[in-house]
Every structure is written in C-alpha cells, then in structure tokens.
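Single-letter residue listing:
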Amino acid sequence: MRPVDAVTLERGPVRLLPLLPGHEAGLAAAAADGELWTLRVTSVPEPGATAAYIERALQMQREGSRLPFTVVDAASGAIIGSTSYHDIDVAVGRLEIGYTWYARSRQRSAVNTSCKLALMQHAFETLGAGVVGWRTDLLNLASQRAIERLGARRDGVLRHHALRRDGTVRDTVMYSLTAAEWPAAREQLQARLQRHAGH
C-alpha cells in the first residue's frame, strides 16, 4: 500500500478536505446542529473543545496513524462534519475509516454513502489497500447498520476495549471489507446513490 498523504476527495454532494485549524468555527457549528456531543457513542467535540479536537487529529496525522478530513457541502462550501482514515498500517495494507460524524440536518441523506464511497475508492484503487476496517460501539446499533450497508463483514467483538466519553468502557464491534470484496460493494453503493438521486 502506498503512503497515505493528505488529499482532497469529491463525490456527489460532498467534498472531503484535509482538516485544518481554520475549520474550527465550521466544525463547531456543525457539531451544534443536533448537539452531537451529547451522544456518548460518538467522538464529536464539545463546545469550546473544537480546537483541541483538531490539534489531536493533526498530531495523530503527524505520527502517521490518522488522516483527518473536514466534510464540506460541495454546493455551498458549508462545513457539515468530519471523518478520517485511522489505524493506518502501510506495511500490512490496512487502514480503517472512522471518527465520522455529520450535522444532524445532513444525516439520513446521501452524505454518508457518498463520503464512504469516496474514501473506500481512494483506499482500494489509489492507495492499494488490501483491507478497509471499521469499528463501533456495541451499543451503537445505527452505526452497525450503516457499516453493514456498505458491504462490510462483521469480524467480531473486542470486549472491554475502549473508554466512552462518559468514562464507561465499551465493547467494540470490528468490521472489514477486503480488496476482493470491493468491486461488488462499489456496485451496490453506486446503485444506492443513483436511487437516492432519483427521489
């Protein structure tokens, strides 16, 4: 797999830009759309904590373990959320997609499918990844359903695995999609987006 360098991706209604400190106000406004920080199963920054959230993401980028993106509405330029490649292992040819959240007004739209399709296509077809992974809280059933709709396979559960923001410890569900499974998943996702556009 090639090194995972900063890149701008675009698909349908969304543009994914490399995360920058200048995105702070837009990300804070997107997080306020639905007060997303109140959900204990997400990684959304709380009010006043967006700068620290960005700095942490950029520190992980400097360390080579994460590539964070700001998700922008391609038509208006408004910032609507964030997502990342993370747990990047170039030698193994593996990365995961996560740290994903969108303003509540953009949920249940074509945004998530468009973002995931752009990220998966770049990972498999440009970077040459052998596998893309996802992880989510065992309690986050909506996230699990969304990941399964991407065509990913449930690999198993890591018990007592990670801290939630409220201090409790979660069980983590692991998913993956291999390069061999990608062409069929891509067809299904493209068909879903076409159906969505036809409504």
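Attention here is on the structure that accompanies the text.

Criteria and cut-off values
- Positions within a chain are numbered from 1, following the residues in the order the chain's sequence is written.
- For a predicted model such as this one, the threshold for reporting local features is a pLDDT of at least 70, and the threshold for listing and counting side-chain atom pairs is 80 or more; totals across whole chains, interfaces and linings nevertheless cover every residue.
- Computation of side-chain values: all heavy atoms of the structure, hydrogens and water removed.
- Secondary structure elements are taken from DSSP: a helix is a run of H or I of four residues or more, a strand is a run of E of two residues or more, and numbering for both begins at the N terminus.
- What a helix should span is 1.5 Å times the count of its residues minus one.
- For the exposure calls, accessible area comes from a 1.4 Å probe over protein chains only, and a residue counts as buried if that area is under 20% of its type's maximum, exposed if over 50%, partly exposed in between.
- As used here, the arc is the angular range of directions from the helix axis to the C-beta atoms.
- Here, residues are in contact when the closest pair of their heavy atoms is within 4.5 Å.
- Stacked, tilted and edge-to-face pairs are distinguished by plane angle, under 30 degrees for stacked and over 60 for edge-to-face with tilted covering the rest, among Phe, Tyr and Trp rings (Trp via its six-membered ring) whose centres lie within 6.5 Å.
- Any two strands are treated as partners once DSSP identifies two or more bridges connecting them.
- Whenever a helix is involved, its axis is fitted only over the stretch in contact; in every case the axis is a line through C-alpha atoms, and angles between N-to-C directions fall within 0 to 180 degrees.
- Small angles under 35 degrees read as roughly parallel and large ones over 145 as roughly antiparallel, with 65 to 115 read as roughly perpendicular and the rest as oblique.
- Helix crossings get a hand from a simple test, with the near helix turned counterclockwise from the far one by less than a right angle marking a left-handed crossing and a clockwise turn marking a right-handed one.
- What we call a nonpolar core is a set of buried Ala, Val, Leu, Ile, Met, Phe, Trp, Tyr and Cys residues that are connected through their side-chain atoms within 4.5 Å.

Overview of helix α2 (residues 50–63)
Part 1 of the reasoning: Under the 1.5 Å per step criterion, the end-to-end length of α2 is 20 Å for 14 residues, consistent within 8% with the ideal 20 Å.
Part 2 of the reasoning: Every buried residue of α2 is listed here: Thr50, Tyr53, Ile54, Ala57, Leu58 and Met60. Along the axis of α2, the buried residues cluster in a sector spanning 155 degrees; they form a single face. Looking at α2, the residues exposed on the side facing more than 90 degrees away from the buried face are Ala52, Arg62 and Glu63.
Part 3 of the reasoning: Where α2 is buried, its residues meet α1 (24–32), β3 (66–73), β4 (79–89) and β5 (94–102).
Part 4 of the reasoning: Backbone geometry just downstream of α2 places Gly64 in the positive-phi region, at approximately 90 degrees.

Some details on the packing of aromatic side chains
Part 1 of the reasoning: The tally for this structure, following the rule as stated, stands at two aromatic pairs.
Part 2 of the reasoning: Relative to Tyr85, the ring of Phe69 has its centre 5.8 Å away and its plane inclined at 80 degrees; by these criteria the two rings are edge-to-face. With Phe69 in strand β3 and Tyr85 in strand β4, this pair connects stretches of sequence that are 16 residues apart. Here Phe69 and Tyr85 have matching classes, each one buried.
Part 3 of the reasoning: Ring centres of Phe124 and Trp182 lie 5.4 Å apart, and the angle between their planes is 25 degrees; on these two criteria the pair is classed as stacked.

A word on the pairing of β4
On a regular strand, each side chain points to the face opposite its neighbour's, so the side chains alternate between the two faces of the sheet.
Part 1 of the reasoning: Burial runs high along β4: nine of the 11 residues are buried.
Part 2 of the reasoning: Where β3 and β4 come together, seven bridges link them in antiparallel fashion. Bridge pairing in β4 places Val72 opposite Ile79.
Part 3 of the reasoning: In sequence, β3 turns back onto β4 through a hairpin of five residues, with Gly77 there showing a positive phi of about 80 degrees.

Observations regarding the environment of Val14
Part 1 of the reasoning: Among the secondary structure elements, Val14 is positioned in strand β2 (residues 14–18).
Part 2 of the reasoning: The contact partners of Val14, leaving out residues within four places of it in the chain, are Leu9, Val71, Val72, Ala74, Ile80, Val111, Ser114 and Cys115.

Description of the environment of Arg159
Part 1 of the reasoning: Note that Arg159 resides in strand β7 (residues 153–163).
Part 2 of the reasoning: Sequence separation of Arg159 and Pro18 is 141 residues, and the distance between their C-alpha atoms is 33 Å.

Description of the packing of α1 against α2
Part 1 of the reasoning: Taken N-terminus to C-terminus, the directions of α1 and α2 make an angle of 115 degrees; their axes are 9 Å apart at the nearest point. Taken as axis vectors, α1 and α2 run roughly perpendicular relative to one another. Crossing angle aside, the handedness with which α1 passes α2 is right-handed. Between α1, through Glu24, Leu27 and Ala28, and α2, the contact on the second element is made entirely by Thr50, Ala51 and Ile54.

Considering the nonpolar core
Part 1 of the reasoning: Among the nonpolar cores identified, the biggest contains 36 residues, and Leu16, Tyr85, Leu95, Met120 and Trp134 are the most heavily contacted of them.
Part 2 of the reasoning: Secondary-structure elements contributing two or more residues to this core are β2, β3, β4, β5, α3 (111–126), β6 (131–137), β8 (169–178) and α5 (182–198).
Part 3 of the reasoning: A per-element tally of this core places α3 first, with eight residues.
Part 4 of the reasoning: If we ignore the near neighbours within four places in the chain, the residues touching Leu16 are Val7, Thr8, Leu9, Phe69, Thr70, Val71, Thr83, Cys115 and Leu119.

Describing the sheet that holds β3
Part 1 of the reasoning: The strand order across the open sheet formed by eight strands is β1-β2-β3-β4-β5-β6-β8-β7, and the pairing between neighbours is mixed. Sheet topology places β1 (9–11) and β7 at the edges, where each strand pairs with a single neighbour. The mean inter-strand angle of the sheet, taken between neighbouring strand axes irrespective of direction, is 25 degrees.
Part 2 of the reasoning: As judged from the five bridges shared by β2 and β3, these two strands associate in the antiparallel manner. Residue pairing across strands places Pro18 opposite Phe69, the latter belonging to β3.
Part 3 of the reasoning: Of the strands in this sheet, β3, β4 and β5 touch α2, which is tilted by about 135 degrees from β3.
Part 4 of the reasoning: In the packing of helix α4 (residues 141–149) onto the sheet, contacts are made with β6, β7 and β8, and the angle to β6 comes to roughly 165 degrees.

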